[in-house]
Amino acid sequence: MATKTTVTREDLRSGGGAQQRIRTPKTSEVVADKIRGQIVRGELKEGDTLPPEGQLMETLGVSRPTLREAYRILEAENLISVTRGSRSGAQVHRPRAEVASRYAGYVLQSQGTTIADLYASQMALEPYVVRTLCNMKNNQAAVAALNEHLAYLLSLVNGSHIQEFSRGVADFHLLLVRLAGNQTLAFINQIVLDLMVNHKADVVRRDPIDPETRKKRLLGGMKSYHKLIQLIEAREEEAAVAHWRLHLKNAHARWAGPGEGERIVDSLNV
């Protein structure tokens, strides 16, 4: 995409503007911008197929190498997938939070973000969400969704599906935030939770515990989830917020305590 450059009158007089040359985008970037815009605006939907290359080349007035370079840009962004040798066009994919989450992890790791910092963001976000759910005019649908997911988590614990359980716990926290209805917070929360899932898996690998102790801990956590749902349903706002703050504090002591919280977020170890 083109970069906007501001050139002042002083720059023009002194010649300083010559050091800030205006970059003209390549034709392939312009084509990628056009297709990307159609995907983001919803004009092209998940699973749609782009027209065959020959048709697009004629419609857009570009060469095959230019079109294929545009495709490579969009493939790198996970907005299309191209099956080599297929006569059908490229398949469209909606922008996915997982892609942004992966890149956000790289940024946080490069900035030296600690595990404690990561978990602290959850403490800042989720009590607010709990308060929001307690104040919803009709929160019965949210309560039902949380209870349904809790039942799923209990089935995983009883079936000893520990790997699935770890992802399921993250999905409970993700659901909690999504039900509050703020898409921006839900997106930020998913980035945090994806990194936390990776971190927890690493902790379990480095510090395994026996199955019975692990099951006891997991069931204790599920009781806390159940109490939270009851408090939300009863609209006991302050009690619900206090309970969830304590729950997160205890959980963070396990996952981000001394010796662990100082570690740097590892987005590459997945």
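The structure reproduced in this document is the subject of the present report. (Residues numbered from 1 in each chain as written. Predicted model: local features only at pLDDT ≥ 70, side-chain atom pairs only at ≥ 80, totals over all residues. Heavy atoms only, no water.)

Notes on the overall build of the chain
Turning to step 1, where the next piece is worked out: A count of helices and strands for the chain gives 11 helices and two strands.
Turning to step 2, where the next piece is worked out: The globule rule puts the C-alpha radius of gyration for 270 residues at 18 Å, and the 24 Å found for the chain is more than 25% above it.
Turning to step 3, where the next piece is worked out: When burial is assessed residue by residue, the chain has 36% of its 270 residues classed as buried.
Turning to step 4, where the next piece is worked out: In the chain, the proportion of contacts linking residues at least 24 apart, taken out of those at least 6 apart, comes to 71%.
Turning to step 5, where the next piece is worked out: Here the chain displays about 16,000 Å² of accessible surface, and carbon together with sulfur accounts for 53% of that area.
Turning to step 6, where the next piece is worked out: Across the chain, the mean location of the 36 positive side-chain charges is 2 Å away from that of the 30 negative side-chain charges. (Helix = DSSP H or I, 4+ residues; strand = E, 2+ residues; numbered from the N terminus. Rg over C-alpha atoms; globule rule 2.2 N^0.38 Å. Buried < 20%, exposed > 50% of the residue type's maximum accessible area, 1.4 Å probe, protein only. Contact = heavy atoms within 4.5 Å. Areas by Shrake-Rupley, 256 points an atom, 1.4 Å probe, with all protein chains shown as cover. Lys, Arg positive; Asp, Glu negative; His and termini not counted. Charge placed at Lys NZ, Arg CZ, Asp CG, Glu CD.)

Quick look at the packing of helix H6 (residues 115–134) against helix H11 (residues 237–255)
Turning to step 1, where the next piece is worked out: Put simply, H6 and H11 touch, their axes get as near as 9 Å, and they point 160 degrees apart. Classified by the angle their axes make, H6 and H11 are roughly antiparallel. At the point where H6 passes H11, the crossing takes the right-handed sense. Note on element contacts: H11 touches H6 through Glu 237, Glu 238, Ala 240, Val 241, Trp 244, Arg 245, Leu 248, Lys 249, His 252 and Trp 255, opposite Ile 115, Tyr 119, Gln 122, Met 123, Glu 126, Pro 127, Val 130, Arg 131 and Cys 134. (Axes fitted to C-alpha atoms, helices over the stretch in contact; angles between N-to-C directions. Parallel < 35°, antiparallel > 145°, perpendicular 65-115°, else oblique. Left-handed = near helix turned anticlockwise from the far one by under 90°.)

So, the environment of Trp 255
Turning to step 1, where the next piece is worked out: If you trace the backbone, Trp 255 turns up in helix H11.
Turning to step 2, where the next piece is worked out: By relative accessible area, which is 16% here, Trp 255 ends up buried.
Turning to step 3, where the next piece is worked out: Along the primary structure Trp 255 and Val 177 are separated by 78 residues, whereas in three dimensions their C-alpha atoms are 21 Å apart.

What to know about unusual backbone geometry
Turning to step 1, where the next piece is worked out: Located in the positive-phi region is Asn 78, a residue other than glycine, with phi close to 60 degrees.
Turning to step 2, where the next piece is worked out: Examined against the element boundaries, Asn 78 turns out to sit in the loop between helix H4 (64–76) and strand E1 (80–81).

Some remarks on the pattern of salt bridges
Turning to step 1, where the next piece is worked out: Using the criterion set out here, one finds 18 salt bridges in the structure.
Turning to step 2, where the next piece is worked out: Arg 263 is the partner of Asp 202 in a salt bridge, and the nearest nitrogen-oxygen pair spans 3.9 Å. Separated by 61 residues along the polypeptide, Asp 202 in helix H9 (residues 183–206) and Arg 263 in the segment after H11 bring together distant segments of the chain.
Turning to step 3, where the next piece is worked out: Asp 202 sits in the buried class, given a relative accessible area of 13%. (Salt bridge = Lys/Arg side-chain N within 4 Å of Asp/Glu carboxyl O.)

What to know about the packing of helix H5 (residues 97–110) against H9
Turning to step 1, where the next piece is worked out: Two elements in contact, H5 and H9, have axes whose closest approach is 9 Å; the angle formed by their N-to-C orientations is 65 degrees. Taken as a pair, H5 and H9 cross one another with a handedness that is right-handed. Contact residues: Ala 97, Glu 98, Ala 100, Ser 101, Ala 104, Gly 105 and Leu 108 in H5; Phe 187, Gln 190, Ile 191, Asp 194 and Leu 195 in H9.

Quick notes on the environment of Ala 239
Turning to step 1, where the next piece is worked out: The residue Ala 239 is located in helix H11 in this model.
Turning to step 2, where the next piece is worked out: Considered as a pair, Ala 239 and Ala 141 are 98 residues apart in the sequence and their alpha carbons are 21 Å apart.

A short note on the packing of aromatic side chains
Turning to step 1, where the next piece is worked out: In the structure shown here, the tally under the stated rule is three aromatic pairs.
Turning to step 2, where the next piece is worked out: Taken together, a centroid distance of 4.3 Å and an interplanar angle of 20 degrees make the contact between Phe 172 and Tyr 225 stacked. A residue pair is termed long-range when its members are at least 10 positions apart, and Phe 172 in helix H8 (residues 162–179) and Tyr 225 in helix H10 (residues 211–233) qualify at 53 residues. With respect to burial, Phe 172 and Tyr 225 carry one shared label: buried.
Turning to step 3, where the next piece is worked out: Following the ring pairs from residue to residue traces out a cluster consisting of Phe 172, Tyr 225 and Trp 244.
Turning to step 4, where the next piece is worked out: Here the guanidinium or amino end of Arg 254 rests over the ring plane of Trp 255, the centre of that ring lying 4.4 Å away. (Phe/Tyr/Trp six-rings, centres within 6.5 Å; stacked < 30°, edge-to-face > 60°. Lys NZ or Arg CZ within 6 Å of the ring centre and 35° of its normal.)

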